[in-house]
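# Descriptive structure summary
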Amino acid sequence: MDYYRFNSVLSYGGVYNFICGARGLGKTYGAKRMAIKAFIRDGSQFIYVRRYVTELKSAKNTLFADIAHEFEGYAFRCHGDELHVKRPPRDGEESSWELMGYVVALSKAQQKKSVAYPRVKTIIYDEFIIDKGPIQYLPNEAKIFNDFYSTVDRYKDKTRVLFLANAVSVMNPYFIDYKIRPTSDDEFIIKNNGFIVAHFPKAENFTRQVFETRFGQFIENSEYAEYSVGNVFSDNTDALIKKKTPEATYYCTIETSEGIFSLWIDMSGPYYFAQEKRPKREIFWTMLPERMDENKILVNRTDKTLQYLRSAYGRGMMYFDTPQTRNAFAGVMKR
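First, a word on scope: everything that follows refers to the structure included in this document. Please read all numbers here as calculations on a predicted model, not as lab measurements. (Residues numbered from 1 in each chain as written. Predicted model: local features only at pLDDT ≥ 70, side-chain atom pairs only at ≥ 80, totals over all residues. Heavy atoms only, no water.)

A full pass over the atoms with the stated rule returns 32 aromatic pairs. Plain terms: the ring middles of Phe71 and Tyr74 are 6.4 Å apart, the flat faces sit at 85° to each other, and that makes the pair edge-to-face. Judged by relative accessible area, Phe71 falls into the buried class, the value being 6%. According to the relative accessible area criterion, Tyr74 is partly exposed, its value standing at 23%. With 6.5 Å between their ring centres and 85° between their planes, Phe145 and Tyr174 make a pair best called edge-to-face. You can see Phe145 sitting in helix H4 (residues 141-153) and its partner Tyr174 sitting in helix H5 (residues 173-177), a full 29 residues away along the chain. Taken individually, Phe145 and Tyr174 each receive the classification buried, so the pair is uniform in this respect. Lying across the ring of Tyr271, Lys242 places its NZ or CZ 5.9 Å from the centre. (Phe/Tyr/Trp six-rings, centres within 6.5 Å; stacked < 30°, edge-to-face > 60°. Buried < 20%, exposed > 50% of the residue type's maximum accessible area, 1.4 Å probe, protein only. Helix = DSSP H or I, 4+ residues; strand = E, 2+ residues; numbered from the N terminus. Lys NZ or Arg CZ within 6 Å of the ring centre and 35° of its normal.)

Following this line, the structure appears as structure tokens:
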């Protein structure tokens, strides 16, 4: 199988580079290969990031297992939280271990605030989108990552980030915070004056190679094939996506753990609409006690208004401006 090349996405000169592709596309392999080559060439170090210590512990034990063969004569190791490399012997003398990079669990990144990383030029955040399972995103994760990036870069514009993930869910902290909304037609999305570059590789060659294997032929034309090979976000559908009607009137703005949304009601149904765009003058509700202040009304999940919303949602009479808004409200609608 081939592996992902970063030439196209990096040609845009972005700092936060999001690469979301098919499962097995070789995103992690390609990122490690590029980072190792950079260190060998000019001494540029890199950091490999996972969300939790448990994920990192499993990953670092085999971090170089699939890539070492590309660097004949070199030896690699993970030593604690450091990544080391030993170059081929010269003139019969064995080389010493060199510090090539680090491994960091984002959940512990706050402990790294006083650490200096002057030679780090690449951060690889692997599996930044969570697949199904018990693992949860960190509270305020996008902010936590920004804090960590600031610690590494120190406002020197020397560090780029490779966010790597399978195309699993558009409902993740980064797509929500940075309003990254891929459609089936998008291959690149550029945001924030080029600071953010998101790539959703089509990878026809990879898909063809997969379907030439026996397993590929087994899953071809199935829903699983779309999920694992076709680079299709399973929660990026048009269900319940609809613009609010001209007759809809503003009701309130509600703050949730997944974002802030305005609520509108068209009494002809009644139909309810939730959207990210907010009016200039607001009646502000919050479901987050820790964010309560004198300008907000605190509501809980037993509030009658939320009961009305759940009823409308359950009858398919509540609509949303984007899949992200709809997916965020799915959690609010749970009893």
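What follows continues from the structure just given.
Assignment of secondary structure puts Lys296 in the loop between strand E13 (284-286) and strand E14 (297-298). What makes Lys296 buried here is its relative accessible area of 16%. Here Lys296 is in contact with Glu255, Phe284, Thr286 and Arg291, once residues within four sequence places are set aside. For Lys296, the side chain forms a polar contact with the side chain of Glu255, separated by 3.1 Å. (Contact = heavy atoms within 4.5 Å. Polar contact = N/O pair within 3.5 Å; in protein donor to acceptor, adjacent residues only side chain to side chain.)

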